[in-house]
Amino acid sequence: MDTLKENPIPVIDFSKLGLNVSQNACDEDSLKTVGSQIRDAFSKSGFCYLTNYGIQQSEIDHFMSVSKQFFYQKKEEKIKYVRGTERNFGWVAVEREHLNPERPGDLKEAFNYCPSDDPNNWPTPEFQNACQDMFRKCTELSLRVLDALSVGMNLDKSYMRDAHGCIGMGNNATTLRSLYYPPLTPESSVKPGQIRLGEHSDYGTITLLFQDEIGGLEVEIPGYGFVPVTPIPETVVVNIGDLMQRWTSDALVATKHRVLIPEVELKKRLHRQSVAFFVHPYDEFLIKCLDGSDKYEPVTSGDYLKQRFGVTY
Ligand SMILES: O=C(O)CCC(=O)C(=O)O
Ligand SMILES: [Fe+2]
C-alpha cells in the first residue's frame with residue numbers, strides 16, 4: 001500500500017510530551033515512540049499534525065481574536081507599527097513580501113514578534129500580553145518537539161534543545177508571526193498568478209503553525225505534487241525548514257508550501273488567519289551535517305538567516 005498517498009501528513013498524539021505534563025515526566029518510551037513518528041513524517045512530507053499538545057484551543061482563539069482587532073484597523077493606524085529593516089518586529093502590509101519571487105506580492109498581512117526586537121511600542125497592552133504569552137508557550141512546545149525529534153534521530157535527548165538556547169534573547173531569531181489574509185471582494189484586483197502566500201520553504205529548523213478553519217494551505221510532497229494541509233480542529237501543524245534539512249543532510253525534507261485563494265466565491269470573501277512560530281538555533285550555533293558528511297558546508301544559524309532574508313525583503 002502506498003502509505004504516503006493514503007496518509008500524507010500523519011496526526012501524532014503528543015499527550016505524553018505536551019505542555020500538560022511537566023518536562024521531567026516526559027519518559028524515554030514516549031520520546032522514542034513519538035520521536036520516531038515525527039522523524040518519519042519529516043523524512044517524507046516534512047509536515048505532521050500534533051494533537052493533545054497542551055495549549056488550549058481557547059488560548060489560540062484568543063490570540064487570533066486580539067490579532068484580528070489589530071488587522072481590522074485602517075492602514076494609517078497600522079503603519080505606526082510597520083516592520084522596519086532593522087528589527088523583526090511589527091506590521092507587514094499586503095503585497096510587501098513575495099515568498100515566491102516569481103509571483104506578485106502575497107495577499108497577506110502579518111505582525112512579527114521577536115522579543116529582543118521589541119521597541120516597546122504596542123498597539124494595545126492586550127496585544128502585547130497575548131504575543132508574550134503565545135511566545136512563551138510556543139517556545140516550550142518547540143523544545144519538547146525538538147527533544148522528541150532528537151531521540152527519534154538517535155541523538156541525545158537534549159541535543160537539539162541545547163542548539164536552540166537563548167530563544168527570546170538578542171542572539172536568537174525565533175519569531176512569532178500572526179498572519180491575516182484579507183477577504184477578497186469582487187472589487188479586489190487580484191493580479192495574474194497572485195495568491196495568498198507564495199510557494200516557499202521555511203528558513204529555520206522547525207515551525208509551529210496554528211490555522212483557522214478556512215483552509216487553503218498546501219504542501220508539495222516530492223513525487224506527489226501539492227496536497228492540502230486540511231485544518232483539523234485542536235491540532236497544531238509542525239513542519240521543518242531548510243536549516244533542519246541541511247543539518248540532517250537531507251534525511252529530513254523541508255517541503256515547499258503555499259496558501260491559495262479559495263475557489264468557492266463565498267469562501268473568498270472570508271478572511272483567513274494563522275499563527276506561525278519560526279524556530280531557530282542561537283545565532284552562533286554552527287550547523288554541521290549531523291551524519292558527519294560534508295554534503296553542506298558548515299554555516300552558523302545567524303549567517304544562514306541573513307542570506308535568506310536578503311532574498312525576501
Ligand atoms: O498561513 C499559513 O497557513 C502558512 C504560513 C507559512 O507557511 C509561513 O508564514 O511561512
Ligand atoms: Fe511557511
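Residues numbered from 1 in each chain as written. Chains lettered and ligands numbered in written order. Predicted model: local features only at pLDDT ≥ 70, side-chain atom pairs only at ≥ 80, totals over all residues. Heavy atoms only, no water.

Per an unreviewed UniProt entry, the chain goes by the name Fe2OG dioxygenase domain-containing protein and belongs to Dreissena polymorpha. Listed in UniProt under the heading Sequence similarities (unreviewed entry), the comment for the chain reads: "Belongs to the iron/ascorbate-dependent oxidoreductase family." (UniProt positions renumbered as here; feature names shortened; annotations may be inferred.)

Q: Looking at this model, I keep getting lost on the UniProt feature "domain: Fe2OG dioxygenase" (unreviewed entry) in the chain. Mind explaining?
A: Taken from the UniProt record, the annotation "domain: Fe2OG dioxygenase" (unreviewed entry) applies to residues 172-281. Each end of residues 172-281 is marked by a C-alpha atom, and these two atoms are 7 Å apart; helix forms 9% of the span and strand 39%. (Helix = DSSP H or I, 4+ residues; strand = E, 2+ residues; numbered from the N terminus.)

Q: So what exactly am I meant to see when it comes to the sheet that holds strand 5 (residues 175-181) here?
A: Adjacent strands of a sheet pair through backbone hydrogen bonds, lying either parallel or antiparallel. With respect to topology, eight strands assemble into an open sheet ordered 1-2-10-7-12-5-4-3, the strand pairing being mixed. What marks the edges here is a single partner per strand, and that holds for strand 1 (11-13) and strand 3 (90-92). Each strand axis lies, on average, 25° off the axis of its neighbour in the sheet, ignoring direction. Sheet analysis places strand 3 next to strand 4 (residues 109-113), joined by three bridges and oriented antiparallel. The residue bridging Val 92 from the neighbouring strand is Ala 110, located in strand 4. Packing against the sheet, helix 2 (residues 28-44) makes contact with strand 1, strand 2 (47-51) and strand 10 (235-240), and its axis sits at approximately 145° to strand 2. Strands strand 2, strand 4, strand 5, strand 7 (206-211), strand 10 and strand 12 (272-279) of the sheet are contacted by helix 5 (residues 125-152), whose axis makes an angle of about 130° with strand 7. (Pairing = 2+ DSSP bridges. Axes fitted to C-alpha atoms, helices over the stretch in contact; angles between N-to-C directions. Contact = heavy atoms within 4.5 Å.)

Q: Hey, could you run me through the state of the cysteines in this one?
A: As used in these notes, a disulfide is a covalent bond between sulfur atoms, one from each of two cysteines. Applying the stated criterion across every chain yields a total of zero disulfides. Distance from the sulfur of Cys 131, which forms no disulfide, to the nearest cysteine sulfur (Cys 138) is 11 Å. (Disulfide = S-S within 2.5 Å.)

Q: Looking at this structure, I do not really get the side chain of Lys 78. What am I missing?
A: Mapped onto the fold, Lys 78 is located in helix 4 (residues 75-78). Only 2.9 Å separates the side chain of Lys 78 from the side chain of Glu 109, close enough to count as a polar contact. (Polar contact = N/O pair within 3.5 Å; in protein donor to acceptor, adjacent residues only side chain to side chain.)

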